[in-house]
Amino acid sequence: ETGVTQTPRHLVMGMTNKKSLKCEQHLGHNAMYWYKQSAKKPLELMFVYNFKEQTENNSVPSRFSPECPNSSHLFLHLHTLQPEDSALYLCASSPQHLRGNPATGNQPQHFGDGTRLSIL
Amino acid sequence: EDQVTQSPEALRLQEGESSSLNCSYTVSGLRGLFWYRQDPGKGPEFLFTLYSAGEEKEKERLKATLTKKESFLHITAPKPEDSATYLCAVQATGGSQGNLIFGKGTKLSVKP
């Protein structure tokens, strides 16, 4: 497989359930990202991992818990979600995250096809 | 605050009718501007990166240009398969440095 793969593609869960989203990249990248995409809104960055270390938590509620066991895999653990959490969750990867490194060139992020999450 | 605004929100074209999409940005310093294409039920697909004012890049019927305040995505003689949502994102040198700031996108529909 190549690129960024996300599973499951669709998920329906109740507010009291616990589930996890999985992302795997086969691009040899060292940075991975979680984004939330809601209708009529721009993509919202949630978390950033660079070389397995979390470098960004964009004020995300604690009911979302990321995990990055290695540079190829990223998880988003979900518990006690709210109806407003229904959205498309996108994973992305890039060679590395560039924060604070003005000497490094720009590198595009490559996205998976997302998990469509519906909270009942 | 770093900001990206895309216009129009939606654009309907006839096949062969050329047009342009706009991406206006406000950043403390631009590290790069990115264009993506997103089809329904899919993730964004990378198209172009532009780094400095005056730069242009082309791919098939698409041409992206950059000034100090905005970027245009020109679509020449579009085909129905060009129908998609086009997303613009900027990467800044300060504030949100390193992170991509996205616009809301322009939904393009090309009718045969």
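Residues numbered from 1 in each chain as written. Chains lettered and ligands numbered in written order. Predicted model: local features only at pLDDT ≥ 70, side-chain atom pairs only at ≥ 80, totals over all residues. Heavy atoms only, no water.

Considerations on the packing of aromatic side chains
All names here are of chain A.
(1) Moving on: By the definition in use, this model includes 8 aromatic pairs over all chains.
(2) Moving on: Judged by centre distance (5.8 Å) and plane angle (35°), the ring pair of Phe64 and Tyr89 falls under tilted. Of this pair, Phe64 sits in strand β7 (residues 64-70) while Tyr89 sits in strand β9 (residues 87-94); the two residues are 25 residues apart in sequence, bridging distant segments of the chain. Each member of the pair Phe64 and Tyr89 is classed as buried. (Phe/Tyr/Trp six-rings, centres within 6.5 Å; stacked < 30°, edge-to-face > 60°. Helix = DSSP H or I, 4+ residues; strand = E, 2+ residues; numbered from the N terminus. Buried < 20%, exposed > 50% of the residue type's maximum accessible area, 1.4 Å probe, protein only.)

Some points on the pairing of strand β2 (residues 10-14) of chain B
Residues and elements named next belong to chain B.
(1) Moving on: Here β2 shows a clear split, with Leu11 and Leu13 buried on one side and none of Ala10, Arg12 and Gln14 buried on the other.
(2) Moving on: When β2 meets strand β11 (residues 106-111), the two strands line up parallel, connected through 5 bridges. Across the sheet, the residue bridging to Leu13 is Val110, located in β11. (Pairing = 2+ DSSP bridges.)

With respect to the sheet that holds strand β3 (residues 18-25) of chain A
Residues and elements named next belong to chain A.
(1) Moving on: Strand order in the open sheet made by the 4 strands is β1-β3-β8-β7, with antiparallel pairing throughout. A strand with exactly one partner marks an edge of an open sheet, and here the two such strands are β1 (4-7) and β7. Put simply, the sheet's adjacent strands are angled 20° from each other on average, direction ignored.
(2) Moving on: As paired elements, β1 and β3 share 4 bridges and run antiparallel to each other. Bridge pairing in β3 links Val4 to Gln25. (Axes fitted to C-alpha atoms, helices over the stretch in contact; angles between N-to-C directions.)

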